[in-house]
Amino acid sequence: MRAGYVARDGEAEASAVGAAGEEAVEDAVAEVEAPVILDPPVERGEHLRERGGVVLEQLLVEHPEGREHPDPVDALVLGLAGALAKLSRWRLLQWPATAYTTLVRAVPDLVVMLLVFYGGQMLVNKIGESQGWDYIDIDPFIAGVLTIGFIFGAYLTEVLRGAFMAVPPGQREAALAYGMNRRQVLTRVVGPQMLRHALPALSNNWLVMIKSTSIVSVIGLSDMMSRAGQAAGATREPFLFYAAAALMYLAFTTLSELGFAWLARRLSTGVRQVAL
């Protein structure tokens, strides 16, 4: 009898455990199959568009400090200095200018930008450490402007050198015979004629420089492409914001083309055009 009671108690306990297990499985399945309540699609879309609209407004509004535009002054200064050095009769000036143009034009722009940014940071802090200065953090905007100028200075060196060589040597000889010094010959005779020859290549390099500003975001500069990427990530509409950035670049290049066309007509005044 006692064995029978023990057997019946074991069966009751087993059935109770089995029922509890079935209830736990059913609860787990119900939790998995329960619908996840999300925000209404319309409200979520409006929220994303609102966030994207704010970023798009920042994208389209010009930065008050002018950080969206390249500065061609340092590139022109380096290009003019390099061209005069390569045209010089002194080999001490020719060799550094030749090495500068050869190395910079052979290395991709992105690699040069990273090398100048990180290498310049290390060099400045190494000099500062020897002088007992605190750590110097180079602003990404300054680094971007200097790097782009350093890169395109090599291209402008060859452009300006070719433009100088395109001016007939008799012009310089006549100016020297007239009694002008070398500075006057450069600024009054050779320079204006050289600029007319260099203008097509200068406009081409300027347009390439505008497009090259899209890579400065790799050194932490908040440029137009980085803002477009933020807006695209906020709204999940990358085509809209990257198309807006493309239109902004197209507007810059179109205005630049119009400006260079006006400058070409201005510099070609009195020059007879020959049709081929």
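Residues numbered from 1 in each chain as written. Predicted model: local features only at pLDDT ≥ 70, side-chain atom pairs only at ≥ 80, totals over all residues. Heavy atoms only, no water.

Taken together, the side chains of Leu 110, Leu 114, Tyr 118 and Val 218 define a hydrophobic patch exposed on the protein surface, amounting to about 340 Å² of accessible area. Structurally, Val 218 is set in the loop between α8 (182-212) and α9 (224-235). (Patch = residues over 30% accessible without salt bridge, like charges linked within 9 Å, V, L, I, M, F, W, Y side chains within 5 Å. Areas by Shrake-Rupley, 256 points an atom, 1.4 Å probe, with all protein chains shown as cover. Salt bridge = Lys/Arg side-chain N within 4 Å of Asp/Glu carboxyl O. Helix = DSSP H or I, 4+ residues; strand = E, 2+ residues; numbered from the N terminus.)

What follows covers the packing of helix α4 (residues 91-106) against helix α6 (residues 140-166). Relative placement of two packed helices is described by the angle separating their axes and the distance separating the axes. One can describe the packing of α4 onto α6 by two numbers: an axis separation of 9 Å at closest approach and a directional angle of 120°. Between α4 and α6, the crossing angle belongs to the class labelled oblique. Where α4 crosses over α6, the handedness of that crossing is left-handed. Judged by residue contacts, Tyr 100, Thr 101, Val 104 and Arg 105 of α4 engage Gly 149, Phe 150, Ile 151, Gly 153, Ala 154, Tyr 155, Thr 157 and Glu 158 from α6. (Axes fitted to C-alpha atoms, helices over the stretch in contact; angles between N-to-C directions. Parallel < 35°, antiparallel > 145°, perpendicular 65-115°, else oblique. Left-handed = near helix turned anticlockwise from the far one by under 90°. Contact = heavy atoms within 4.5 Å.)

This paragraph deals with the pattern of salt bridges. Side chains that differ in charge, positive against negative, can pair when their charged atoms come close. Applying the stated criterion across every chain, the model contains three salt bridges. Close ionic contact of Glu 158 with Lys 86 constitutes a salt bridge, the shortest N to O distance being 2.5 Å. Here Glu 158 is found in helix α6, whereas its partner Lys 86 is found in helix α3 (residues 73-87), with 72 residues between them in sequence. Considered together, Glu 158 and Lys 86 belong to a single accessibility category, that of buried residues. Close ionic contact of Arg 161 with Glu 158 constitutes a salt bridge, the shortest N to O distance being 3.1 Å. Remark: Glu 158 and Arg 161 occur in helix α6; sequence separation between them is three residues, near one turn of the helix. Judged by relative accessible area, which is 17%, Glu 158 ranks as buried. Three or more residues are tied together by salt bridges with common partners; here these are Lys 86, Arg 105, Glu 158 and Arg 161. (Buried < 20%, exposed > 50% of the residue type's maximum accessible area, 1.4 Å probe, protein only.)

To continue, consider the environment of Val 104. Its place among the elements puts Val 104 in helix α4. If near-sequence neighbours (up to four positions away) are discounted, Val 104 is found in contact with Phe 150, Ile 151 and Ala 154.

Within the largest apolar cluster, 42 residues are counted, with the highest numbers of intra-cluster contacts made by Met 194 and Ala 198. Of all the secondary-structure elements, those providing two or more residues to this core are α3, α4, α5 (109-130), α6, α8, α9 and α10 (238-267). At 11 residues, α8 tops the list of elements feeding residues into this core. Setting aside chain neighbours within four positions, we find Ala 198 in contact with Val 159, Leu 160 and Ala 163. (Core = buried A, V, L, I, M, F, W, Y, C linked by side-chain atoms within 4.5 Å.)

Here the focus is the packing of aromatic side chains. Throughout the structure, instances matching the rule amount to two aromatic pairs. Measuring from centroid to centroid gives 5.2 Å for Tyr 100 and Phe 150, while their planes differ by 55°, and the two rings are tilted. Within this pair, whereas Tyr 100 is found in helix α4, its partner Phe 150 is found in helix α6, the two being separated by 50 residues in sequence. On the numbers, 5.8 Å between centres and 45° between planes, the contact of Phe 152 with Tyr 155 is tilted. Of this pair, Phe 152 and Tyr 155 are both found in helix α6, three residues apart, which corresponds to roughly one turn of the helix. A relative accessible area of 3% places Phe 152 in the buried class. (Phe/Tyr/Trp six-rings, centres within 6.5 Å; stacked < 30°, edge-to-face > 60°.)

As a further point, take the confidence of the model for the protein chain. Mean pLDDT over the protein chain stands at 76; residues scoring 70 or higher make up 72%. The model gives residues 1-14 a pLDDT under 50, and that stretch makes zero contacts with residues more than four places away or in other chains. Confidence over residues 28-45 falls short of pLDDT 50; this stretch has two contacts with residues more than four positions distant or in other chains. (pLDDT = per-residue confidence, 0-100.)

One non-glycine residue, Arg 236, adopts positive backbone phi at about 60°. Inspection of the secondary structure assignment puts Arg 236 in the loop between α9 and α10. By relative accessible area, which is 73% here, Arg 236 ends up exposed.

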